[in-house]
Amino acid sequence: MQKKIFLSRRLPRAGMDLLKTSGFLTDIHEHDDPLPPKALRERVKDVHGIICLLDDRIDRSLMDAAPKLEVISNSAVGFNNIDIDHARSRNIAVCNTPGILTETTAELAWALLFAVARRIPESDAYVRKGKFTGWKPMLMLGSDIHDKTLGVIGTGRIGTAFALRSKGFNMRVLYSGKPNPVLDRELGAENVGLETLLRESDFISLHIPMRKSNYHLLGKKEFALMKNSAYLINTARGAVVDEAALVEALRTREIAGAGLDVYEDEPELTPGLKGLPNVVLTPHTGSASTSTRDAMAAMAVENCLNVLRGEKCGNRVV
Ligand code: GLV
C-alpha cells in the first residue's frame, strides 16, 4: 500500500519539488494560511506523514484523528506547537529543522536590536512623511551599541551565534544558563545568574525554547530589575515574556524599548503594543531569508520521507 503525506501549507520550491517527486501519495493544502483545527483533522484521517508549520496545532485530538500517522515533520526548529508526550506515547516520530536557520535568526535579532536602539523605523517614517526639514542636534537620539553590556538568555545554537556577532562592538557579554566554553573563549563572556544579567545588561536577547518552565520568564518583577535604559529583544517565543507586563514596562519607560519578532498569542498582539513608539515589531520572520526558507522546506520534507522509508533521520526530537 502506498503511503500518504499531508503538507499543511505551500512551501518554498525546494520542498515542494522534493515532495512531488517522492513517489508517495500527497495531499497539499496549497495556500499561505493555516487550516482551522477541524478542517486539519479531516485532512489527516488517512495519512502516514504530516509536514507542518509552527502555527499548526498538532495536539492529541489531531493525532488521534490520524490512526495511521507515523511522522510529524515541522518546518521549524521550535516544536512547541506539537504535543510531544502524546506523539511519544503513540510512537509517532517528530522531526524539526535545526542548524540551518541559526545564523539567519541571529541576524534578525541584531537587526531588531539596531532598529530599536537607533530608532530606524521611526526615522524612516519621519523622512517619508516629509518631516525632515533640516539637521537637528536632538533629532532621533537613541542608544549606542558599542561598549555596552549584552545579556544573552539561552546560549544554544542561535544564542551562541547571536552573541558571537557582538565581537565588532567591544561589548561586555553576560549569559545565563549552562556554561558555554565557546563564548567564554571567544568573548571572555561571563556566565551569571538571571538576576545579575537583568540588572547589568543594556541589551537583553532571548534565545530559549518555549516549554512550561520558560512560560513568562520575564514579567513585571523582571522588568523592574532591568535598567530604565535597557532594551529587550525576543526572537524566541512570545510566551516567554508576559506581554501585558511588557506593554506596561514600555509605556511607563521602566525599560527603554523592545524589538519583537514573536508574540504571546500570535498573530494577535496584546492591546497597546502596536501604539508604542519604543517597540519595533516584525511578523515572526527570524528565519525568513530566501535560502534559509528553501533549506528548511527541503529538510522538513526529507525528514518525513526518511522516516516513512525507514531510513535514518538525524533530526528527530522524538
Ligand atoms: C521559528 O520560530 C522556528 O522555530 O523555526
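Before reading further, recall that the structure is shown in the block above.
In this text, all values refer to a predicted model and were calculated from it rather than measured experimentally. (Residues numbered from 1 in each chain as written. Predicted model: local features only at pLDDT ≥ 70, side-chain atom pairs only at ≥ 80, totals over all residues. Heavy atoms only, no water.)

Observations regarding the environment of glycine 99
Next, step 1: Position of glycine 99 among the secondary structure elements: in the loop between β5 (93–95) and α5 (102–117).
Next, step 2: Sequence separation between glycine 99 and histidine 29 is 70 residues, and the spatial gap between their C-alpha atoms is 27 Å. (Helix = DSSP H or I, 4+ residues; strand = E, 2+ residues; numbered from the N terminus.)

Here's the deal with the pattern of salt bridges
Next, step 1: Enumeration over the complete set of coordinates arrives at 24 salt bridges.
Next, step 2: Across the salt bridge formed by aspartate 32 and arginine 10, the nearest N and O atoms sit 3.2 Å from each other. Of this pair, aspartate 32 sits in the loop between β2 (25–28) and α2 (37–43) while arginine 10 sits in the loop between β1 (4–7) and α1 (13–20); the two residues are 22 residues apart in sequence, bridging distant segments of the chain.
Next, step 3: Its relative accessible area of 52% is what places aspartate 32 among the exposed residues.
Next, step 4: Under the relative-accessibility criterion, arginine 10 is labelled partly exposed at 43%.
Next, step 5: For the salt bridge of aspartate 17 with arginine 13, the shortest nitrogen-to-oxygen distance reads 3.3 Å. Note that aspartate 17 and arginine 13 are positioned in helix α1 at a spacing of four residues, about one turn of the helix. (Salt bridge = Lys/Arg side-chain N within 4 Å of Asp/Glu carboxyl O. Buried < 20%, exposed > 50% of the residue type's maximum accessible area, 1.4 Å probe, protein only.)

Regarding the nonpolar core
Next, step 1: Leu206, Leu218, Phe223, Leu232 and Leu246 are the most contacted members of the largest nonpolar core, which totals 31 residues.
Next, step 2: When contributions to this core are tallied by element, the ones reaching two or more residues are α9 (194–200), β9 (203–206), α11 (243–251) and β11 (257–260).
Next, step 3: Counting residues per element, this core draws most heavily on α11, at five residues.
Next, step 4: Beyond its immediate sequence surroundings of up to four residues, leucine 246 is in contact with Phe223, Leu232, Val241, Ile255, Ala258 and Leu260. (Core = buried A, V, L, I, M, F, W, Y, C linked by side-chain atoms within 4.5 Å. Contact = heavy atoms within 4.5 Å.)

Structural notes on helix α7 (residues 157–164)
Next, step 1: With six of eight residues buried, α7 is to be regarded as a mostly interior element.
Next, step 2: Listing the buried residues of α7 in full gives Ile158, Gly159, Thr160, Ala161, Phe162 and Ala163.
Next, step 3: Looking at the buried positions of α7, the neighbouring elements they touch are α5, β6 (149–153), β7 (172–176), α8 (181–187) and β9.

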